Amino acid sequence: QIGYALLPHICSGKMFGPDQPVILHLLDLNVEGVQTCLTGVKMELEDAIHPLLKGVVCTGDASTAFTGADFVIMLGAFPRKDGM
């Protein structure tokens, strides 16, 4: 949820400036359901018509995700359990 919430801010220029185009490389588990969700996120971003968004790469492979990256944001989360 945190990464999903950050994406519009990155794509709108709030993070890197109003003149900086971005290509997002979205990395998550290489599991069919997870990759399907990433593809859905990609479609939402493309439908939102962010002028600075020049591409979205969805992958479960770290080498693919990090190749050519100038900036990396690494987020991780663990589902809450009782007592947390």
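As shown above, the structure is provided for reference.
Cut-off values and rules
Numbering of residues starts from 1 in every chain and runs along the sequence as written. Thresholds applied to this predicted model are a pLDDT of at least 70 for local features of residues and 80 or more for the giving and counting of side-chain atom pairs; totals over whole chains, interfaces and linings are not thresholded and use all residues. Side-chain numbers come from the whole structure's heavy atoms, not from hydrogens or water. To qualify as a helix, a DSSP run of H or I must reach at least 4 residues; to qualify as a strand, a run of E must reach at least 2; elements of each kind are numbered from the N terminus. Any two residues whose heavy atoms approach within 4.5 Å at even a single point are treated as in contact. For every accessible area listed, the method is Shrake-Rupley and the probe measures 1.4 Å; residues are considered covered only by the protein chains on display. The rule is simple: take the accessible area with a 1.4 Å probe, protein chains only, and divide by the maximum for that residue type; under 20% is buried, over 50% is exposed, in between is partly exposed. We call a crossover right-handed when, viewed with the strands running away from us, the connection from the first strand over the helix to the second turns clockwise. Simply put, an axis is a line fit to the C-alpha atoms, just over the touching stretch for a helix, and the angle between two N-to-C directions goes from 0 to 180 degrees. Take the far helix as the reference: if the near one is turned anticlockwise from it by less than a right angle, the crossing is left-handed, and if turned clockwise, right-handed. Polarity classes work like this: nonpolar for Ala, Val, Leu, Ile, Met, Phe, Trp, Tyr, Cys and Pro, charged for Asp, Glu, Lys and Arg, and polar for all others, with Gly in that last group. Distance thresholds for patches are 9 Å for like charges and 5 Å for nonpolar side chains (Val, Leu, Ile, Met, Phe, Trp, Tyr), applied to residues having over 30% relative accessible area and no salt bridge. Only one rule defines a salt bridge in this text: a Lys or Arg side-chain nitrogen within 4 Å of an Asp or Glu carboxyl oxygen. Any two strands are treated as partners once DSSP identifies two or more bridges connecting them. Note that the arc is computed from the directions linking the helix axis to the C-beta atoms.

Visitor: It is not clear to me how the overall build of the protein chain should be interpreted in this structure. Could you clarify?
Guide: Secondary structure assignment for the protein chain yields three helices and two strands. Dimensions of the protein chain, computed from the C-alpha atoms along their principal axes, are close to 45 × 25 × 25 Å. Nonlocal contacts in the protein chain, meaning residues at least 24 apart in sequence, comprise 65% of its contacts between residues at least 6 apart. Total accessible area computed for the protein chain in this model is approximately 6300 Å², and 59% of it derives from carbon and sulfur atoms.

Visitor: Looking at this structure, how should I read the pairing of strand 1 (residues 22-27)?
Guide: Side chains on a regular strand alternate between the two faces of the sheet. Side chains V22, L24 and L26 of strand 1 all project onto a buried face; the interleaved residues I23, H25 and L27 project onto a face where none is buried. Between the parallel elements strand 1 and strand 2 (residues 53-59), the chain passes through helix 2 (residues 32-47) in a crossover that is right-handed.

Visitor: Whenever I open this one, the packing of helix 1 (residues 2-11) against helix 2 confuses me. Can you help?
Guide: Packed helix pairs are characterised by how far apart their axes lie and by the angle those axes make with each other. Taken N-terminus to C-terminus, the directions of helix 1 and helix 2 make an angle of 35°; their axes are 11 Å apart at the nearest point. The two elements helix 1 and helix 2 cross, and the hand of that crossing is right-handed. Facing helix 1, whose interface residues are Y4, L7 and C11, helix 2 presents V41, E44 and L45. Its residues assigned to classes, the contact of helix 1 with helix 2 comprises five nonpolar, no polar and one charged.

Visitor: Explain unusual backbone geometry to me, please; I cannot follow it from the model alone.
Guide: Peptide bonds are trans in most cases, and residues, glycine excluded, mostly fall at negative phi. Notably, I49 is not glycine yet its phi reads approximately 55°, a positive angle. Counting through the fold element by element, I49 comes out in the loop between helix 2 and strand 2.

Visitor: What's the story with a nonpolar patch on the surface in this structure? I'm lost.
Guide: On the surface, I2, L6, M15, F16, F71, I73 and L75 cluster together into a nonpolar patch covering about 650 Å² of accessible area. Along the chain, the position of L6 falls in helix 1.

Visitor: Just checking my understanding: could you explain the pairing of strand 2 for this structure?
Guide: Two elements, strand 1 and strand 2, share six bridges in a ladder whose sense is parallel. Following the sheet pairing, H25 is matched in strand 2 by V57.

Visitor: Which parts of the structure should I look at to understand helix 1?
Guide: It helps to recall that an α-helix has 3.6 residues per turn; residues three or four apart then point in one direction. For helix 1, the full list of buried residues reads L7, I10 and C11. For helix 1, the angular spread of buried residues about the axis comes to 80°, placing them on one side. Buried residues along helix 1 sit in contact with strand 1, helix 2 and strand 2. Immediately beyond the C-terminal end of helix 1, within one or two residues, lies G13, with a positive phi of roughly 95°.

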